Amino acid sequence: MDAKRIAVFSSKPYDKHFLDEANQGTGLTLDYFENRLKWETAKLTEGYDAVSCFVNDIVDRPVLETLVDNGIRMIALRCAGFNNVDLVAAKELGVQVARVPGYSPESVAEHTVAMILALNRKITKAYNRVKEHNFDLDGLLGFNLQKSTVGIIGTGKIGLATMRALSGFGCRLLCYDPYPSEEAAKYGEYCDLDRLYRESDVISLHCPLTEESYHLINAQTIAQMKAGVMLINTSRGALVNAQDALDGMKQGKIGYLGLDVYELEGDLFFRDLSGKVLHDDVFALLLSYPNVLVTGHQGYFTKEALSEIGQTTIDNLQAHFEGRQTGNEL
Ligand code: NAI
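Residues numbered from 1 in each chain as written. Predicted model: local features only at pLDDT ≥ 70, side-chain atom pairs only at ≥ 80, totals over all residues. Heavy atoms only, no water.

Novice: Which residues make up the environment of Thr155, and what are the values?
Specialist: Within the secondary structure, Thr155 is located in the loop between β6 (149–153) and α6 (157–167). Excluding residues that lie within four positions of it along the chain, Thr155 makes contacts with Leu160, Met163, Cys175, Tyr176, Asp177, Ser181, Ala184 and Tyr190. Reaching out from Thr155, the side chain makes a polar contact with the side chain of Tyr190 at a distance of 2.6 Å. (Helix = DSSP H or I, 4+ residues; strand = E, 2+ residues; numbered from the N terminus. Contact = heavy atoms within 4.5 Å. Polar contact = N/O pair within 3.5 Å; in protein donor to acceptor, adjacent residues only side chain to side chain.)

Novice: Outline the domain arrangement of the protein chain, supporting the account with residue identities and numerical values.
Specialist: Taken as a whole, the protein chain is organised into domain 1 (4–103 + 303–322) and domain 2 (105–294). Of the residues lining the interface, 12 residues belong to domain 1; the matching set on domain 2 comes to 10 residues. Between domain 1 and domain 2 lies a buried interface of about 910 Å² when both sides are counted; carbon and sulfur atoms form 49% of it. Area buried by domain 1 at its contact with domain 2 is led by Arg36, Asn56 and Asn83, which between them contribute 44% of it. Residues Arg36 and Asp267 are paired through a salt bridge, measuring 3.0 Å at the closest nitrogen-oxygen approach. Applying the counting rule to domain 1 against domain 2 returns five residue pairs in polar contact (both at pLDDT 80 or more). Within the side of domain 1 that touches domain 2, the residues separate by chemical class into six nonpolar, four polar and two charged. (Domains from an automatic or database assignment. Buried area = accessible area lost by both parts, 1.4 Å probe. Salt bridge = Lys/Arg side-chain N within 4 Å of Asp/Glu carboxyl O. Nonpolar A, V, L, I, M, F, W, Y, C, P; charged D, E, K, R; others polar.)

Novice: Residue-level account of the site of the ligand, with values.
Specialist: The full set close to the ligand counts 23 residues, and Lys157, Ile158, Asp177, Thr234 and Tyr300 are the nearest of them. Contact distances for the ligand include 3.5 Å between an oxygen atom and a backbone N or O atom of Gly156. The side chain of Arg236 places a nitrogen or oxygen atom 3.3 Å from an oxygen atom of the ligand. (Near = heavy atom within 4 Å.)

Novice: I'd like a rundown of the pairing of strand β7 (residues 172–176), residues and numbers included.
Specialist: The pairing of β6 with β7 spans five bridges and is classified as parallel. Along β7, the bridge assignment pairs Ile152 with Cys175. The parallel pair β6 and β7 is bridged by α6, and the resulting crossover is right-handed. (Pairing = 2+ DSSP bridges. Right-handed = clockwise from strand over helix to strand, strands pointing away.)

Novice: Help me get a handle on the nonpolar core, residues and values and all.
Specialist: Grouped together as the largest cluster of nonpolar side chains are 32 residues, with contacts concentrated most on Ile153, Tyr197, Ile203, Ile217, Leu257 and Leu286. Going through the elements one at a time, α8 (193–199), β9 (202–205), β10 (229–233), α10 (242–250), β11 (254–259) and α11 (281–288) are the ones with two or more residues in this core. Considering every element that reaches this core, the biggest residue donor is α10, with four residues. Not counting chain neighbours up to four residues away, the residues in contact with Ile203 comprise Gly151, Ile153, Leu196, Tyr197, Met225, Val229, Met230, Leu231 and Ile232. Formed by 31 residues, the second largest nonpolar core is a distinct cluster that contains Ala7, Val97, Tyr103 and Ala305. (Core = buried A, V, L, I, M, F, W, Y, C linked by side-chain atoms within 4.5 Å. Buried < 20%, exposed > 50% of the residue type's maximum accessible area, 1.4 Å probe, protein only.)

Novice: So what's going on with the pattern of salt bridges? Residues and values would help.
Specialist: Tallied over the entire structure, the rule returns 10 salt bridges. Note that Glu199 is salt-bridged to Arg195, the shortest N-O span being 3.0 Å. Highlighted residues: Glu199 and Arg195, both in helix α8, separated by four residues, approximately one helical turn. For Glu199, a relative accessible area of 22% translates into the label partly exposed.

Novice: Go over the environment of Thr326 with me, naming the residues and quoting the values.
Specialist: Here Thr326 shows up in the segment after α12 (303–322). In sequence terms Thr326 and Asn35 are 291 residues apart; their C-alpha atoms lie 28 Å from each other. Contacts of Thr326, omitting those with residues within four sequence positions, involve Asp315, Asn316 and Ala319. Of the polar contacts made by the side chain of Thr326, one reaches the side chain of Asn316; its length is 3.4 Å.

This is the structure:
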């Protein structure tokens, strides 16, 4: 195989570490770009044979057309979700797209549980208080997860791993998925969304972002939930209408909000904006609420997951150049 050159977009030092490790001895040359792939940066792909992208790269038709003009026929996603890629255009233009479908679902599931516990037991508030030598407990009251009802929306790999972890706490689990699985049914009871919204103390989203799931959580669905519900989204930002969630918090309907993803995270996450003014008022307001916990899309961020992402991405690229299928093609 001739030496193939890959342009790796949205890359950070940790991506380079794990990709270089997986790439040893393959003959692929990886060049790292910190920029996101989008129309303005697509020109950088001249002279490359493939690109590798992440969650906030914008792989729409104009970008795909530029890639094709530069002779590129392969996009290796370093993530499971692919809502940022125009797959119809990719197919029409003959560009293969492969993803990393199932890397360490426990990484995201464990982060989900961490968010639930941190919000419930007000860990950030407690941490700050104790640092100031304030050992007062007033305002830190939590609730037992045991016997509380957790509703899981999407019972694929991550939803199932979350259910397994939460069953260890003695939670009562309700779940919804258009394609129920026997494995998930061992841990929880499938029901329709109306019942899940009505009965859950905690609701956690684990479905992909699609046309049907866009703004799944909105003013109407929030109105169906229990007063004081805890809502967790570690899946994709646009599953939640953030303005409606903010209104739900103001009304006291949503008692706690945990977000690892945000609809407009593309201009915010994965970079250091400390000292900068945030121009997104909804996001800034959400951050100001004491019962909101936001993390910057770090659910996947464990060494096990990054190692698997690196390995699978390199395998996907090699398979493409050798004319093999891996099953990870979209
Ligand atoms: P998966 O494909 O194994 O499972 C997704 C499940 O959602 C499937 O069972 C599917 O039938 C179900 N589903 C589809 N549409 C639905 C709907 N409208 N309502 C309810 N369920 C629906 O995917 P996996 O690996 O469990 O990942 C889930 C999502 O987690 C990904 O799509 C991605 O957006 C997100 N994710 C977030 C990460 C993070 O770092 N925060 C990292 C990896 C994935």
